[in-house]
Amino acid sequence: MSELQHQLERETEGERREARKVLTERAARVSHGFDPRLLGDHLLRLFPDASFELLESGMEALLRRARSARREELRIAKRPPRGELLGDYLTRRKGQGARPYRSRVRAVKPFEGTCSCLDYQRSSLAVCKHLLAIWNEVEQKPRLLERAIEKQGEAVPALRWDPVRPEAGSGDWMERLTLAPEVADERATRALRGLMRRRFDARNRLAETFAEDPDQRLRLVNDLMRLNEGLSEGEPDPAIEALLEREKESLARLRSCRVTPGGVDTALKSLGQRLFPYQREGLAAFFRTGHLLLGDDMGLGKTAQAIAACHVLWKTRRVRKGLIVVPASLKSQWLREWRRFTDVPAEIIDGFPAERAAIYERTERGFLITNYEQLLRDEDVVRAFEPEAMVLDEAQRIKNWETKTAQVVKAFRPPYRLVLTGTPLENRLEELASLFDWIEPTAFEPKWRLEQVRPARSDERQLRSLQGLQAIRERMAPHFLRRVRTEVLDQLPERTDTTITVDFTGRQHEEYEALCTPIRRLLCLAQKRPLLPPEHLRLMTLLAAQRRIGNGMALYEFVDVWPEIRDLPPTEARLARLDSPKLIELREMVRQLLSEPTRKLVIFSDWQRMVKLAEWSIRDLLQDIGASAVFFTGAQKGPQRERAMVTFHDDPSVRVLFATNAGGVGLNLQRAASDCINLELPWNPAVLEQRIGRVYRMGQKRPVQTFQLVSEGGLEPRIQELVGEKRRLFEALFEGTSDEVTFDHQAGFTQRLSQLDDYVPRKGDEATDDEADLDATAVTDGSDDSDTIPANGVPSATATRSASAPAQPPAAPDGLDVRQLFDGVRVSQTADGQVRLEAKPETARQLAGVLEGLAGLLRQIPGAD
């Protein structure tokens, strides 16, 4: 051996002694009654070439198990006969009977054992809390220890399994099964020797594990069960026996869950909508295992794929009952989409606890749609319902192991499990691992080693991190599918419109309801006679205020809120306090959409203040990826707008353009962006189409995706109906061939409003012609929306707030007929091309009053460009 090799060995040995010393010192502080030196030696023996960071994580994992054994006061319930230390044990908690896990001690110096519990199989620590409790007691018997040391080499198992999962490779547990051929030959019958020769290679490892062939793998499992039992002296190896039993159960489920491609194709013929090829691939991935995390990019139709999967399960008679768990605000949207796609029975779970329980109890066939909060409250009822398939939408809700939501969801183990999320990973790998706990828990085992897949601190650590990520990808692959838009551009339609609903907060609902009273009074008056122009404008002002509330209390109370938050980061807690769910939803959307490095977004709002709030809500997300945003609003001067357009087109780091309706016409953004987000629906569908038309126009070479944020429970769903009717008229007039178009509502605008639940007259809402004060207080915040946005596109931290009170418009004369008023105005053109208006003095005064009232009311609407 060369001197260099000697030197390297000395350095390595010195590093190991130092590592042992540090680990022992740390473990000694919280050893929970266990000898820290033994724990340190155990780790160094398992991971001789590991980095110190990995050893640190391993020691923490060992100590957690030692703490659990100490807290549960684990005792030995059954031990080997005749005072032996080697052999089989059962453990129990203090005051309880024996636990169902069988543990076996093979050696005591160094300690070696095996156990049938799940933690031993997955922790890669070669111990569990049961073995630690046994080990701790064994160490207290020095005379028996000496005898056990003498005997520990006598009983050699013929079939062995290494519990430490390698950092690289597929991690298939069967790859770590080995055979001791000499021992096996001594114990084997002729039939068993034939099995050994057929199943094991020259290195005494399994020749093939058939990881992707359930039928072949099941035959292998049955052969290994025969070997484990036939080659054992006494009872089979506890860990191997438990692993094989669990594998057999898993393969049986897998084989029963499979739906052949022909079966899928037949079932899809009755689906109400056509799937794109990549969506059919998503179904194929789901039916290969029955457990899938579908992490497709936003807008690629995860909901459609999930509904299609449920449709196939129902039509092929694989399931009778299923459960869809979604955020509360999406339940109605899910039901609408469900009915577009399938005739499979489905119902929303809602109402008081007894009503919800009744729905579960009477549903013997079909799917139920509930939300996460209800699932927690109805856990026992849902368990009795026994869903055979479950779909989790926006599954980030279970990304944290410790939350009650995650624990309750993961307690359900239906044969079919489908998880939908556009952001499977937000901050830490542990979040993705938590999702996989429900899909395929072995993919991320052992979880304590996830600490090693972190940003690098050295060249060696960087290499280890990359290896760890590759192994995770390989182990996730059978149960994970994610496509980004760039991968399926050739399959996407030219344009996809998506409506995303959000729920009101309690405060939003309260303020919204407060404005319903004056609106109902005006509508009561409108049932007696036509509203006068100021009354009609006041009605529209109240409705505009409700629209601002729909966008969030931060917009409605902007003057008070903005100075407090503009210089602070948008933390989750701060966003929650703003009572503005749209900002929270926008933040999540932007996080997902901008995960594609070259993607740019155009975000529209009717209000300048809303685009300020929206930019603030995502500012840190943009900074994290080295990106920024620009603005295009009516408050900017021409050169500022032009600079914003140039930078949005030419600067790759400018990823978002915020625009008001000033940017809804005249802009050509098709070469910069293909995504349009509308923070609210405008009254007029033409305005909506103008916004979308900035990116959906000639020269656009990518499919366009639009997203409309709608507050459920407010005015916006009504606007959606109105927009739909106007669009149908537009299409019938300019694009259709029929002489008529059918509307859902035939009533006039005020009549239609009065028929909506929010505005049905109630006691005390009656109004009379001589009622002078139609309450319009709290409609505005007492300021205009003319704050300017500087050329750099970032709201100024020194923006001032106006405290001026809104001017009350002059009232129009009672009984004024506006049509008659305009009949008294003569319009003519002079020789030089100018327009002249002529009217009698009284007519001119009345017309001036109407126009002044209109101008005054319009000035009260923040964001009017």
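Residues numbered from 1 in each chain as written. Predicted model: local features only at pLDDT ≥ 70, side-chain atom pairs only at ≥ 80, totals over all residues. Heavy atoms only, no water.

## Overview of the overall build of the chain
- Broken down by element type, the chain carries 33 helices and 21 strands.
- Counting only residues that meet the buried cut, the chain has 51% of its 865 residues in that class.
- Counting contacts in the chain only where the partners sit at least 6 residues apart, residues at least 24 apart contribute 72% of the total.
- As displayed, the chain has an accessible area near 41,400 Å², and 50% of this comes from carbon and sulfur atoms. (Helix = DSSP H or I, 4+ residues; strand = E, 2+ residues; numbered from the N terminus. Buried < 20%, exposed > 50% of the residue type's maximum accessible area, 1.4 Å probe, protein only. Contact = heavy atoms within 4.5 Å. Areas by Shrake-Rupley, 256 points an atom, 1.4 Å probe, with all protein chains shown as cover.)

## Here we look at the confidence of the model for the chain
- For the chain, per-residue confidence averages 81 on the pLDDT scale, and 79% of positions sit at 70 or higher.
- Across residues 455-466 the pLDDT falls below 50, and counting only partners more than four positions away or on other chains, this stretch makes 16 contacts in the model.
- With pLDDT under 50 throughout, residues 770-815 is counted as low confidence; its partners more than four residues away or in other chains account for 98 contacts. (pLDDT = per-residue confidence, 0-100.)

## Considerations on the pairing of strand 8 (residues 321-326)
- Taking burial as the measure, the six residues of strand 8 include six buried ones, the bulk of the element.
- In this sheet, strand 10 (residues 366-371) lies alongside strand 8 in parallel orientation, the contact comprising six bridges. Bridge pairing in strand 10 links valine 326 to asparagine 371.
- Sheet analysis places strand 8 next to strand 11 (residues 389-392), joined by four bridges and oriented parallel. In the sheet register, isoleucine 324 faces strand 11, and the bridge partner there is valine 391. (Pairing = 2+ DSSP bridges.)

## Notes on the sheet that holds strand 17 (residues 654-659)
- Here we have six strands laid out as an open sheet, ordered 14-19-18-15-17-16, and parallel in their pairing. Looking along the sheet, the strands with just one partner apiece sit at the ends: strand 14 (495-503) and strand 16 (628-632). Taken over all neighbouring pairs, the strand axes of this sheet differ in orientation by 20 degrees on average, direction set aside.
- Pairing analysis gives four bridges linking strand 15 (residues 601-604) to strand 18 (residues 675-678), with the strands arranged parallel. (Axes fitted to C-alpha atoms, helices over the stretch in contact; angles between N-to-C directions.)

## Structural notes on the nonpolar core
- Leu177, Leu224 and Leu231 are the most contacted members of the largest nonpolar core, which totals 70 residues.
- Top element by residues in this core is helix 3 (residues 52-71). It accounts for eight residues.
- Excluding its chain neighbours within four sequence positions, the residues that come into contact with leucine 224 are Leu159, Met174, Leu177, Phe200, Leu206 and Leu244.
- Leu271, Phe286, Trp314 and Leu330 belong to the second-largest nonpolar core, a separate cluster that totals 41 residues. (Core = buried A, V, L, I, M, F, W, Y, C linked by side-chain atoms within 4.5 Å.)

## Here we look at the packing of aromatic side chains
- Using the criterion set out here, one finds 14 aromatic pairs in the structure.
- Relative to phenylalanine 444, the ring of phenylalanine 436 has its centre 5.5 Å away and its plane inclined at 55 degrees; by these criteria the two rings are tilted.
- Look at phenylalanine 436 and you get buried, because its relative accessible area is 1%.
- Note on phenylalanine 631 and phenylalanine 658: the rings are 5.4 Å apart at their centroids and 25 degrees apart in plane angle, and the pair reads as stacked. Placement of phenylalanine 631 in strand 16 and of phenylalanine 658 in strand 17 is noted, with a sequence separation of 27 residues between them. Across the pair, exposure class does not vary: phenylalanine 631 and phenylalanine 658 are buried alike.
- One aromatic cluster is present, formed by Tyr120, Trp161 and Trp173 through successive ring pairs.
- One cation-aromatic arrangement involves lysine 600 over phenylalanine 648; the distance from NZ or CZ to the ring centre is 5.2 Å. (Phe/Tyr/Trp six-rings, centres within 6.5 Å; stacked < 30°, edge-to-face > 60°. Lys NZ or Arg CZ within 6 Å of the ring centre and 35° of its normal.)

## Quick word on the environment of glutamate 572
- Here glutamate 572 shows up in helix 25 (residues 572-577).
- Of the residues examined, glutamate 572 reaches a relative accessible area of 65% and is grouped as exposed.

## With respect to helix 9 (residues 214-230)
- End to end, helix 9 covers 24 Å across 17 residues, agreeing with the expected 24 Å (1.5 Å per residue, within 8%).
- Among the residues of helix 9, Pro214, Arg217, Leu218, Leu220, Val221, Asp223, Leu224, Met225, Leu227 and Asn228 are the ones counted as buried.
- For helix 9, the secondary structure elements touched by its buried residues are strand 5 (159-161), strand 6 (177-179), helix 8 (190-199) and helix 10 (238-257). (Expected span 1.5 Å × (residues − 1).)

## Quick word on the sheet that holds strand 1 (residues 75-78)
- Spatially, the four strands line up as an open sheet ordered 1-2-3-4, and their pairing is antiparallel. Each of the sheet's edge strands pairs with one partner strand only, and the pair in question is strand 1 and strand 4 (111-115). Averaged over all neighbouring strand pairs, the angle between strand axes comes to 45 degrees, with direction disregarded.
- The sheet contact formed by strand 3 (residues 98-108) and strand 4 spans five bridges and is antiparallel. Each bridged residue has a counterpart across the sheet, and for valine 108 the counterpart in strand 4 is phenylalanine 111.

## Some remarks on the packing of helix 8 against helix 9
- In contact at an axis separation of 10 Å, helix 8 and helix 9 are set at 130 degrees when each is read in the N-to-C sense. The angle between the axes of helix 8 and helix 9 places the two elements in the oblique class. Relative to helix 9, the crossing made by helix 8 is left-handed. Contacts between helix 8 and helix 9 pair Ala191, Leu192, Leu195, Met196, Arg198 and Arg199 from the former with Arg219, Leu220, Asp223, Arg226, Leu227 and Gly230 from the latter.
- Counted by class, the contact of helix 8 with helix 9 contains six nonpolar, one polar and five charged residues. (Parallel < 35°, antiparallel > 145°, perpendicular 65-115°, else oblique. Left-handed = near helix turned anticlockwise from the far one by under 90°. Nonpolar A, V, L, I, M, F, W, Y, C, P; charged D, E, K, R; others polar.)

## Section: the environment of valine 344
- By the element assignment, valine 344 lies in the loop between helix 14 (331-341) and strand 9 (346-348).
- For valine 344 and tryptophan 314, which are 30 residues apart along the polypeptide, the C-alpha to C-alpha distance reads 7.2 Å.

## Structural notes on the pairing of strand 4
- The buried count for strand 4 comes to four of five residues, which makes it a mostly enclosed element.
- Between strand 3 and strand 4, which pair antiparallel one after the other, the connecting turn spans two residues.

## Regarding helix 5 (residues 129-138)
- Burial within helix 5 is extensive, with eight of its 10 residues counted as buried.
- By the burial criterion, the buried members of helix 5 are Lys129, His130, Leu131, Leu132, Ala133, Ile134, Trp135 and Val138.

## Observations concerning the packing of helix 12 (residues 277-289) against helix 13 (residues 302-315)
- One way to put it is that helix 12 packs onto helix 13 with a least axis distance of 10 Å and a crossing angle of 55 degrees. Relative to helix 13, the element helix 12 is oriented oblique. The hand of the helix 12/helix 13 crossing is right-handed. In this structure, helix 12 uses Tyr278, Gln279, Gly282, Leu283, Phe286 and Phe287 to contact helix 13, whose residues at the interface are Ala304, Gln305, Ala308, Ala309, Val312 and Leu313.

## A short note on the side chain of aspartate 296
- Positionally, aspartate 296 belongs in the loop between strand 7 (291-294) and helix 13.
- Side chain to side chain, aspartate 296 and glutamine 305 meet in a polar contact 3.0 Å long.
- Residue contacts for aspartate 296: discarding those within four places in its chain leaves Tyr278, Lys302, Gln305, Thr421, Gly422, Leu481, Arg482 and Arg483. (Polar contact = N/O pair within 3.5 Å; in protein donor to acceptor, adjacent residues only side chain to side chain.)

## A look at the environment of arginine 365
- Note on placement: arginine 365 falls in the loop between helix 15 (353-362) and strand 10.
- You can call arginine 365 exposed: its relative accessible area is 52%.
- In this structure the C-alpha to C-alpha distance between arginine 365 and glycine 322, which are 43 residues apart in sequence, comes to 8.4 Å.
- In this structure arginine 365 touches Trp314, Arg320, Lys321 and Pro345, once residues within four positions along its chain are discounted.

## Details of the side chain of arginine 655
- Turning to its location among the elements, arginine 655 is positioned in strand 17.
- An unpaired buried charge is present at arginine 655: no salt bridge exists, and glutamate 596, the closest side chain of opposite charge, is 7.5 Å distant.
- Of note is the side chain of arginine 655, whose polar atom sits 2.7 Å from the backbone oxygen of glutamate 596.
- Not counting chain neighbours up to four residues away, the residues in contact with arginine 655 comprise Leu594, Glu596, Pro597, Thr598, Arg599, Lys600, Leu601, Ile625, Ala627, Ser628 and Phe648. (Lys, Arg positive; Asp, Glu negative; His and termini not counted. Salt bridge = Lys/Arg side-chain N within 4 Å of Asp/Glu carboxyl O.)

## Here's the deal with unusual backbone geometry
- For the bond from lysine 109 to proline 110, the omega torsion is -5 degrees, close enough to zero to count as cis.
- Along the chain, proline 110 turns up in the loop between strand 3 and strand 4.
- Of note, the amide linkage connecting glutamate 445 to proline 446 takes the cis form, showing an omega dihedral of -5 degrees.
- Mapping proline 446 onto the fold places it in the loop between helix 19 (429-439) and helix 20 (459-476).
- A positive phi angle, close to 60 degrees, is found at arginine 317, a residue other than glycine.
- Positionally, arginine 317 belongs in the loop between helix 13 and strand 8.
- Assessed through its relative accessible area of 77%, arginine 317 is described here as exposed.

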